Amino acid sequence: MPEGPADERVVRDTLAVSQVSSRSRLEAIDVVRGVIMILMALDHTRDFFGIPGPSPTNLAQASAPLFLTRWITHFCAPVFFLLAGTGARLSLRRRSINDLSRFLLTRGIWLIAAELVLARCFAYQFNVDYQITLLLVLWAAGWAMITLAALVYLPVSVVTAIGALLIAGHNLFDSVKSANPLWTVLHQQGPALSGDHVVFVAYPLIPWIGVTFVGYGLGQLYSWTAEERRAWLLRLGLLATVAFVVIRGINGYGNPSHWTPQPTALFTVLSFMNATKQPPSLLYLLMTLGPAMLFLWVVDGRTPRLLQPAVTFGRVPLFYYLAHFALLHTLAVAVCYLRYGTAHWMFESPDLAHYPFSPPPGWGFTLPVVYLWWASVVLAMYPLCAWFSRLKQRRSDAWLSYF
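Residue positions are given per chain, counting from 1 as you read along its sequence in written order. Local features in this predicted model are restricted to residues of pLDDT 70 or higher, and side-chain atom pairs are both shown and tallied only at a pLDDT of 80 or more, whereas totals for entire chains, interfaces and linings draw on every residue. Side-chain numbers here rest on the full set of heavy atoms in the structure, without hydrogens or water.

Colleague: Please clarify how the layout of surface pockets should be interpreted in this entry.
Modeller: It is the rolling of a water-molecule-sized probe over the atoms that shows where space remains empty. Cavity means a closed set of points on a 1 Å grid over the protein atoms alone, one where a 1.4 Å probe fits but cannot get out, pocket means an open set with protein on both sides within 12 Å along at least 5 of 7 lines, and lining means a residue has an atom within 4 Å of a point. Grid points are joined across faces, edges and corners, and a volume is the space filled by probe spheres set on the points. Within this model, the second largest pocket holds a volume of roughly 1000 Å³. Secondary structure elements with two or more residues in the lining of the second largest pocket: α2 (22-49), α4 (76-90), α5 (97-124), α6 (137-151), α13 (308-315) and α15 (367-394). Helical segments are the DSSP runs of H or I of at least four residues, strand segments are the runs of E of at least two, and each set is numbered from the N terminus. The element that contributes the greatest number of residues to the lining of the second largest pocket is α2, accounting for seven residues. Of the residues that constitute the lining of the second largest pocket, the class distribution is 17 nonpolar, eight polar and twelve charged. Three categories are distinguished: nonpolar for Ala, Val, Leu, Ile, Met, Phe, Trp, Tyr, Cys and Pro, charged for Asp, Glu, Lys and Arg, and polar for the others, with Gly belonging to the last.

Colleague: How do you make sense of unusual backbone geometry when you look at a structure like this?
Modeller: A cis geometry characterises the amide bond from Q278 onward to P279, with omega recorded as -10 degrees. Of note, P279 is situated in the loop between α11 (265-273) and α12 (282-299). Going from Y355 to P356, the amide bond is cis rather than trans, its omega being 5 degrees. Take P356: it is sitting in the loop between α14 (317-340) and α15.

Colleague: In this structure, what is going on with α6? I would like to understand it.
Modeller: Since the α-helix packs 3.6 residues into each turn, any two residues three or four apart lie on the same face. With 15 residues, α6 extends 21 Å between its outermost C-alpha atoms, agreeing within 8% with the 21 Å of an ideal straight helix rising 1.5 Å per residue. Summary of the burial criterion: residues with accessible area below 20% of their type's maximum are buried, those above 50% are exposed, and those between are partly exposed, where the area comes from a 1.4 Å probe applied to protein chains only. Burial of α6 is extensive: twelve of the 15 residues sit out of reach of the surface. Here α6 has its buried residues at V137, L138, W139, A140, A141, G142, A144, M145, I146, L148, A149 and L151. To estimate the expected span of a helix, count its residues, drop one, and scale the result by 1.5 Å.

Colleague: Would you mind showing me how to read the nonpolar core here?
Modeller: One broad rule of soluble globular proteins: the nonpolar side chains tend to lie buried together. Think of a nonpolar core as a cluster: buried Ala, Val, Leu, Ile, Met, Phe, Trp, Tyr and Cys residues, connected wherever their side-chain atoms sit within 4.5 Å. Core analysis: the biggest nonpolar cluster contains 122 residues, and L104, L138, Y203, Y216 and Y320 have the highest contact counts within it. The element that contributes the greatest number of residues to this core is α2, accounting for 13 residues. In contact with Y203, other than residues within four places in its own chain, are A77, F81, L135, L136, V137, W139, A140, V185, W208, K277 and Q278. What makes two residues a contact is simply this: any of their non-hydrogen atoms within 4.5 Å.

Colleague: Even after reading the chapter, I still don't get the packing of aromatic side chains, so can you show me in this structure?
Modeller: Between two aromatic rings, the relevant description is the distance of the centres plus the angle of the planes. Pairing of aromatic side chains here covers Phe, Tyr and the six-membered ring of Trp, requires ring centres within 6.5 Å, and sorts the geometry by plane angle: under 30 degrees stacked, over 60 edge-to-face, intermediate tilted. In total, this model carries 27 aromatic pairs according to the counting rule given. Aromatic side chains F319 and W387 sit 6.4 Å apart centroid to centroid with 55 degrees between the ring planes, which places their arrangement in the tilted category. In this pair, F319 is assigned in helix α14 and W387 in helix α15, connecting sequence segments 68 residues apart. You can call F319 buried: its relative accessible area is 17%. Ring pairing ties together the aromatic residues F48, F49, Y124, Y321, F325, F357, W363, F365 and W373, which thus form one cluster.

Encoded structure:
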């Protein structure tokens, strides 16, 4: 297919991308993505093996270690969406703009299907009754890819500006409450479908799409020299982090709930850090994306030996995501059977209060044991991910590119 003016502009803008060392460019992104995927497993391990109880972000009931265990995993989803956009931009080193648009469209459809079938039935819940279906990260990422597929024909600066506007402006609509399913899908966490079969929107789309668009703009930095790129990563990271502290300190716009003084200095700090994840507030995204860009600056061109294993995880994100959930749920089934002599609870999720399974009486382990389970799962995942990474390197099958 002949290239039009938009194609020529993108080719000119990204010519330098193809001239940058692939290894030095991509390894930093892979290591950051790998680290947040390791952290992600901590949150999901707590879901399956933690003691059921109050929300870990409810400071009136949760302990500081429980809050911090949840808080550190707040970095996972924003960095995942940011780097998904960055990866899309970097893929222009081997794709035309038309090819990229088609790939993002088909990848988006695939991610939505993977959420609704593979993840829902064979990872999260281990049942196919569809009584409860949560629309989670893969679903939101799929729609982010689909919308980006339509916008890649625009200048990268325009896509980035749209993303920044979505991030900064969506909290203007926090006071708008509606039962309209479309509004729920776009901005308001809640059920989009009720009745015998509930569909719950856990990841409202607007801000997550915004993060993906900003990530697409961030990919432009990787067509610059290493010195320019690192300087801008440092500036952007510091700017976002300082903006979080200042805006949060003002205690006005940017988060649905304000921080408040607590009985102790520690819990006052925790209240300050307790930004809203769903939908991700401006402050939540500044709090997480600022340090993420500083992390990208730190590892740019020099991955510490300690973090080398994270590169393997970062190269196979979807495989890791689906496999670690399936492993966690399988382990929970085994532990439940050994402890109770039956494991039917692990296949039952009749309502939101019993998602992704129905905890049997006395279920759950203390936080230190949860950390041991987490470490075990991450260690078990490493050889699986290393094998799949080698498979992707050996073969060029089109389906592998979707993992």
